[in-house]
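Understanding the architecture of this molecule
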Amino acid sequence: MLEVIRVLVLLAFAALYAYFDIFNKRSIPNSFAYLSIVVGIIFTLFYPFKTLELSLLIAVFVVAIGYVLYKAGFLGLGDGLELAFVSLMLPIQPTPLLNIPQLGLPFVLSVFISSGIVAIIALPIYYMLNSKLELKKESILRASVVFISYLLLLMLVYLLLGHIALVPTVFIIIIAFFSALIFLFEASLNERMITWVYPNKLGEDDIIAINLMSKKDIMFFKSRYPGFGRLADKKEIAALKNIKKKIPVYTNAIPFSAFILAGIVLSLFIGDPILLILV
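Predicted model only: the values in this text are computed from it and were never measured.

Re the packing of aromatic side chains
The relative placement of two aromatic rings is captured by the distance of their centres and the angle of their planes. Here the structure, examined in full by the defined rule, presents 10 aromatic pairs. With a centroid separation of 5.3 Å and an interplanar angle of 45°, the aromatic rings of F13 and F85 are classed as tilted. Of the two residues, F13 is situated in helix α1 (residues 2-23) and F85 in helix α4 (residues 77-89); the sequence distance between them amounts to 72 residues. Across the pair, exposure class does not vary: F13 and F85 are buried alike. Look at Y67 and Y70: their rings are 6.0 Å apart centre to centre, the planes differ by 45°, and that puts the pair in the tilted class. In this pair, Y67 and Y70 are both assigned in helix α3 (residues 49-71), three residues apart and thus about one turn of the helix distant. Judged by its relative accessible area of 45%, Y67 is partly exposed. Judged by its relative accessible area of 10%, Y70 is buried. One aromatic cluster is present, formed by F13, Y17, Y19, F20, F23, F32 and F85 through successive ring pairs. Over the face of the ring belonging to Y47 we find R6, whose NZ or CZ atom lies 3.9 Å from the ring centre.

See the structure below:
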């Protein structure tokens, strides 16, 4: 019964994280994120000591990695705290509903991989349906390289195992197809996700699309503020607020918490998706 309650609470909080991410302008309230960590710690206390110790170690590691990615502008702080919450609620991958053998790895690892797979599939579908598509020669080349790389992975799996079943073959080809789509329409996807704004319109924790800026513009902003980077903080906003030159900001970035929710559900059903290759 406790395990059932644990899973239900996990799904409920993950659903609320996704709700805030989608309907609150990609902003997850700090108070809610911290509450989830407190709830996760309380549930962790019901584990035996060895599991409790492992759960806390995994959570600390996840928080540390998440904070580094947050400061680098690659992951929202709320997303990092949500993954820590997931690790506290279920430290080790449980036996999935489909009863696929697992390796006893951290559940949060399965969730992270599953979330990434869902994002790879959902990202091009969502943005392709809501934007004008633009093809560039370099994008076609990159997409081709990505697709061929996955086919080489499929060949490597076959050589290592001596065989490869239908499920892993279809799994790899689907990921290859949607990964290639992302690179194929990279310019259109980026255009759909950003808004060009003046620095005085920046909000704290906004993610700046430096990859879409010219080297000249990046050097210009760095000359005004040496710490200019992907993550907008108070010092950066204050230093740049009087500059009348627009910068690209991810105002319509992917709601990663929605993908984390999908990743949790997927991991509860099938476990670590990478293990499908070995089925």
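Back to the text.
A short note on the environment of A143
By secondary structure assignment, the location of A143 is in helix α6 (residues 137-161). Placed 49 residues apart in sequence, A143 and R192 show a C-alpha to C-alpha distance of 19 Å. For A143, the contacting residues outside a window of four places in its chain are A180, F183 and L184.

Focus: a nonpolar patch on the surface
Taken together, the side chains of L2, L35, V38, I41, I42, L45, F46 and L56 make up a nonpolar region of the molecular surface, amounting to roughly 710 Å² of accessible area. At four residues, the largest contribution of residues to the nonpolar patch is made by helix α2 (residues 30-44). By the element assignment, L35 lies in helix α2.

Here's the deal with the nonpolar core
Core analysis: the largest hydrophobic core is formed by 34 residues, its most contacted members being L10, F85, F107, V111 and I264. When contributions to this core are tallied by element, the ones reaching two or more residues are α1, α2, α3, α4, α5 (107-129) and α11 (256-270). In terms of residue count, α4 provides more of this core than any other element does, seven residues in total. Leaving out residues up to four positions away in the same chain, V111 has contacts with L83, V86, I260, G263, I264 and S267. Of all hydrophobic cores here, the second largest spans 15 residues; its members include L202, I218, L240 and I243.

Topic: the pairing of strand β2 (residues 247-250)
Neither face of β2 is left uncovered, since the one carrying I247 and V249 and the one carrying P248 and Y250 both have all their residues buried. The pairing of strand β1 (residues 194-197) with β2 spans four bridges and is antiparallel. Bridge assignment links W196 to a residue of β2, and that residue is P248.

The rules we used
Residues numbered from 1 in each chain as written. Predicted model: local features only at pLDDT ≥ 70, side-chain atom pairs only at ≥ 80, totals over all residues. Heavy atoms only, no water. Phe/Tyr/Trp six-rings, centres within 6.5 Å; stacked < 30°, edge-to-face > 60°. Helix = DSSP H or I, 4+ residues; strand = E, 2+ residues; numbered from the N terminus. Buried < 20%, exposed > 50% of the residue type's maximum accessible area, 1.4 Å probe, protein only. Lys NZ or Arg CZ within 6 Å of the ring centre and 35° of its normal. Contact = heavy atoms within 4.5 Å. Patch = residues over 30% accessible without salt bridge, like charges linked within 9 Å, V, L, I, M, F, W, Y side chains within 5 Å. Areas by Shrake-Rupley, 256 points an atom, 1.4 Å probe, with all protein chains shown as cover. Salt bridge = Lys/Arg side-chain N within 4 Å of Asp/Glu carboxyl O. Core = buried A, V, L, I, M, F, W, Y, C linked by side-chain atoms within 4.5 Å. Pairing = 2+ DSSP bridges.

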